[in-house]
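The primary structure of each chain is shown beneath.
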Amino acid sequence: MPKSGHIALAGKPNVGKSSLLNALIGEPLALVSRKAQATRLPVTGLRTEGELQFVFHDLPGLLDPEYAMQARMRALALEGITRADVILYLHPAPEAPAPDFRTLARLTDLSDLTDLTVLTVYTKADLVPPARCVELAPSGLVVSATAGFGIDGLLTAVAARLPERDFAYPADEIGTQPVRFFAVEYLREAAFELLDDELPYAFTAEIEEFRETTDPVYIRAALFVERDSQKGILIGEGGRTLKAIGKHARARLEQLLDRRVYLDTWVKVLPKWRRDAELLRRFGFPDLPAERT
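Calculation notes
- Per chain, residue numbering runs from 1 following the sequence as it is written.
- Per-residue local features of the predicted model are confined to residues with pLDDT of at least 70, and side-chain atom pairs are confined, for both listing and counting, to 80 or more; whole-chain, interface and lining totals are unaffected and use all residues.
- To obtain the side-chain values, all non-hydrogen atoms of the structure were used and water was disregarded.
- Each residue gets one of three labels from its accessible area relative to the maximum for its type: buried under 20%, exposed over 50%, partly exposed in between, using a 1.4 Å probe on protein chains only.
- Numbering of helices and strands starts at the N terminus; helices are DSSP runs of H or I of at least 4 residues and strands are runs of E of at least 2.
- Only strands that DSSP links by at least two bridges are regarded as paired with each other.
- By nonpolar core we mean a set of buried residues, namely Ala, Val, Leu, Ile, Met, Phe, Trp, Tyr and Cys, connected to one another through side-chain atoms within 4.5 Å.
- Whether two residues touch is decided by their heavy atoms; if any such pair falls within 4.5 Å, the residues are in contact.
- Within 3.5 Å is the distance limit for a polar contact, defined as a pair of N or O atoms, with the added protein rule that one can donate a hydrogen and the other accept it, and that residues adjacent in sequence qualify only through two side-chain atoms.
- Under the pairing criterion, centres of Phe, Tyr and Trp rings, with the six-membered ring standing for Trp, must be within 6.5 Å; the plane angle then separates stacked pairs below 30 degrees from edge-to-face pairs above 60, leaving the rest tilted.
- To estimate the expected span of a helix, subtract one from its residue number and multiply by 1.5 Å.
- Fitting a line to C-alpha atoms yields each axis, with helices limited to the stretch in contact; the angle taken between N-to-C directions then spans 0 to 180 degrees.
- The labels follow the angle: roughly parallel below 35 degrees, roughly antiparallel above 145, roughly perpendicular from 65 to 115, and oblique for the rest.
- Helix crossings fall into two classes, left-handed where the near helix is turned counterclockwise from the far one by less than a right angle and right-handed where it is turned clockwise.
- Basically, the charged four are Asp, Glu, Lys and Arg, the nonpolar ten are Ala, Val, Leu, Ile, Met, Phe, Trp, Tyr, Cys and Pro, and anything else, Gly included, counts as polar.
- Salt bridges are defined as contacts in which a side-chain nitrogen from Lys or Arg sits within 4 Å of a carboxyl oxygen from Asp or Glu.

J.: It is not clear to me how the pairing of strand β8 (residues 217-225) should be interpreted in this structure. Could you clarify?
T.: Across a regular strand the side chains alternate sides, sitting on one face of the sheet and then on the other. Where burial is concerned, most of β8 is hidden: eight out of the nine residues are buried. The pairing of β8 with strand β9 (residues 261-269) spans nine bridges and is classified as parallel. Paired with Phe 224 across the strands is Lys 268, a residue of β9.

J.: When you look at the nonpolar core in this model, what are you seeing that I'm missing?
T.: Looking at soluble globular proteins, one finds that nonpolar side chains tend to be buried together. Core analysis: the biggest nonpolar cluster contains 68 residues, and Ile 7, Phe 56, Leu 88, Leu 187 and Leu 223 have the highest contact counts within it. The dominant element in this core, judged by the number of residues it contributes, is helix α6 (residues 179-194), at nine residues. Setting aside chain neighbours within four positions, we find Leu 187 in contact with Phe 203, Ala 205, Ala 221, Leu 223, Ile 245, Ala 249, Leu 263 and Thr 265. In this structure, Leu 62, Ala 77, Ala 84 and Ile 87 belong to the second largest nonpolar core, which totals 14 residues.

J.: Can you help me understand helix α1 (residues 17-25) in this one?
T.: Since there are 3.6 residues in each turn of an α-helix, residues three or four apart along the chain are aligned in direction. With seven of nine residues buried, α1 is to be regarded as a mostly interior element. Of the surrounding elements, those touching the buried residues of α1 are β1 (3-10), β2 (43-49), β3 (52-58), β4 (86-92) and α5 (151-159). Note on α1: the residue one or two positions beyond its end, Gly 26, has a positive phi of about 80°.

J.: Which parts of the structure should I look at to understand the environment of Pro 163?
T.: Among the secondary structure elements, Pro 163 is positioned in the loop between α5 and α6. The class of Pro 163 is partly exposed, set by a relative accessible area of 24%. For the pair Pro 163 and Ala 191, spaced 28 residues apart in sequence, the C-alpha to C-alpha distance is 39 Å. Among all residues touching Pro 163, those that are not within four sequence positions of it are Pro 2, Lys 3, Ser 4, Gly 5 and Asp 85.

J.: Can you help me understand the side chain of Thr 44 in this one?
T.: In this fold, Thr 44 is placed in strand β2. Side chain to side chain, Thr 44 and His 57 meet in a polar contact 3.0 Å long. Once residues lying within four places of it in the same chain are set aside, the contact partners of Thr 44 are Leu 29, Val 55, Phe 56, His 57, Ile 174, Gly 175, Thr 176 and Gln 177.

J.: What is the right way to look at the packing of aromatic side chains in this model?
T.: Any two aromatic rings considered together are summarised by their centre-to-centre distance and by the angle between their planes. All told, the structure shown has eight aromatic pairs when counted by the stated rule. Their ring planes at 85° and their centres at 5.2 Å tell us that Phe 181 and Phe 182 sit as a pair that is edge-to-face. Since its relative accessible area comes to 15%, Phe 181 is described here as buried. On the basis of an interplanar angle of 15° and a centroid distance of 5.9 Å, the ring pair of Tyr 218 and Tyr 262 is categorised as stacked. Here Tyr 218 is found in strand β8, whereas its partner Tyr 262 is found in strand β9, with 44 residues between them in sequence. Relative accessible area serves as the criterion here: at 47%, Tyr 262 is assigned to the partly exposed category.

J.: Help me out: how do you make sense of α6 in this one?
T.: For α6, which comprises 16 residues, the first-to-last C-alpha distance of 22 Å matches the rise-based estimate of 22 Å (1.5 Å per residue) to within 8%. Counting buried positions along α6 gives 13 out of 16 residues, so the element sits mostly inside the fold.

J.: What is the right way to read the packing of α6 against helix α8 (residues 240-257) from this model?
T.: Any two packed helices are characterised by how steeply their axes cross, that is the angle between the axes, and by the distance between the axes. Here α6 crosses α8 at 140°, and the two axes come no closer than 8 Å. Taken as axis vectors, α6 and α8 run oblique relative to one another. Crossing geometry of α6 relative to α8 is assigned as right-handed. Packed against α6, whose contacting residues are Val 179, Phe 182, Ala 183, Tyr 186, Leu 187, Glu 189, Ala 190, Ala 191 and Leu 194, the element α8 presents Ala 244, Ile 245, His 248, Ala 249, Arg 252, Leu 253, Leu 256 and Leu 257 at the interface. Its residues placed into classes, the contact of α6 with α8 shows 14 nonpolar, one polar and two charged.

J.: Would you explain the side chain of Arg 188 in this entry?
T.: Relative to the helices and strands, Arg 188 is located in helix α6. Look at Arg 188 and you get buried, because its relative accessible area is 2%. With residues near it in sequence (within four places) discarded, Arg 188 still touches Leu 31, Ala 38, Thr 39, Arg 40, Phe 203 and Thr 204.

J.: What exactly am I supposed to notice about the pattern of salt bridges here?
T.: When charged atoms on two side chains of opposite charge get close, those side chains can pair. For the coordinates displayed, the defined rule picks out 17 salt bridges. Between Glu 49 and Arg 47 there is a salt bridge; the shortest N-O distance is 2.6 Å. With a closest N to O distance of 3.4 Å, Asp 215 and Arg 260 form a salt bridge. Taken together, the residues span a long stretch of sequence, with Asp 215 in the loop between β7 (204-211) and β8 and Arg 260 in the loop between α8 and β9 at a distance of 45 residues. Of the two residues, Asp 215 and Arg 260, neither departs from the other in class, the shared state being exposed. One salt-bridge network, in which partners are shared between bridges, spans Glu 208, Glu 209, Arg 211, Arg 220 and Lys 268.

Take a look at the structure:
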């Protein structure tokens, strides 16, 4: 009987969830950044081995929301946690021990979630001495996505907890989101890499046209910021910054598709989009439970 299950990668922002997802599926699927709160929408990665299918969900970090988009990010993270068969609670090894997960996620008042299967995973093990990894092992799984340390042990621990269930996805797939989704993610990844301070957080993108039947694949993307002053920074002197962002995203998309890509980008201003419910809905953030009717 095959075994398949949903595994949530959960924890505070910037604990290595996206890096671990990429290591677990063996492909650079998810956006990775040194800056916190880079993951806004859940990213699903698949790994199938024989009679096992792992459905990993890279969730937004559990944070204290300061505005509408962050509130939706937290709601998406909690939704992914409550639906998971196994929760991998990620915490950086240099900052061990990890606080109580239910307290961090504010689940202590939800009596119907007492049976959550939570495995503590200490990430970034390459940043601590080997002796510290040995000390942490009794209290959690110790891994390094960068060095590939502990990945096999983590998979073994998760596999033992997966329910018997038919596969939800074809065995040869590695992700569930459409290419349009990853085009936006890779543009945002470039913004986090190339832009400073608050600007990456005010940045988003939207795919306006996608023609996969052409060679190269044609993608036109609108890049949004919140203020006119940010537009100039995003474009850069002589368009250099904009070109660098497009180059990064195009390379990532060509790797994903194994095809040539022509990426056409345009910069627009969309004031206060992170605080506007209608615009957030447009960019893929569902309404909060209290807003649904």
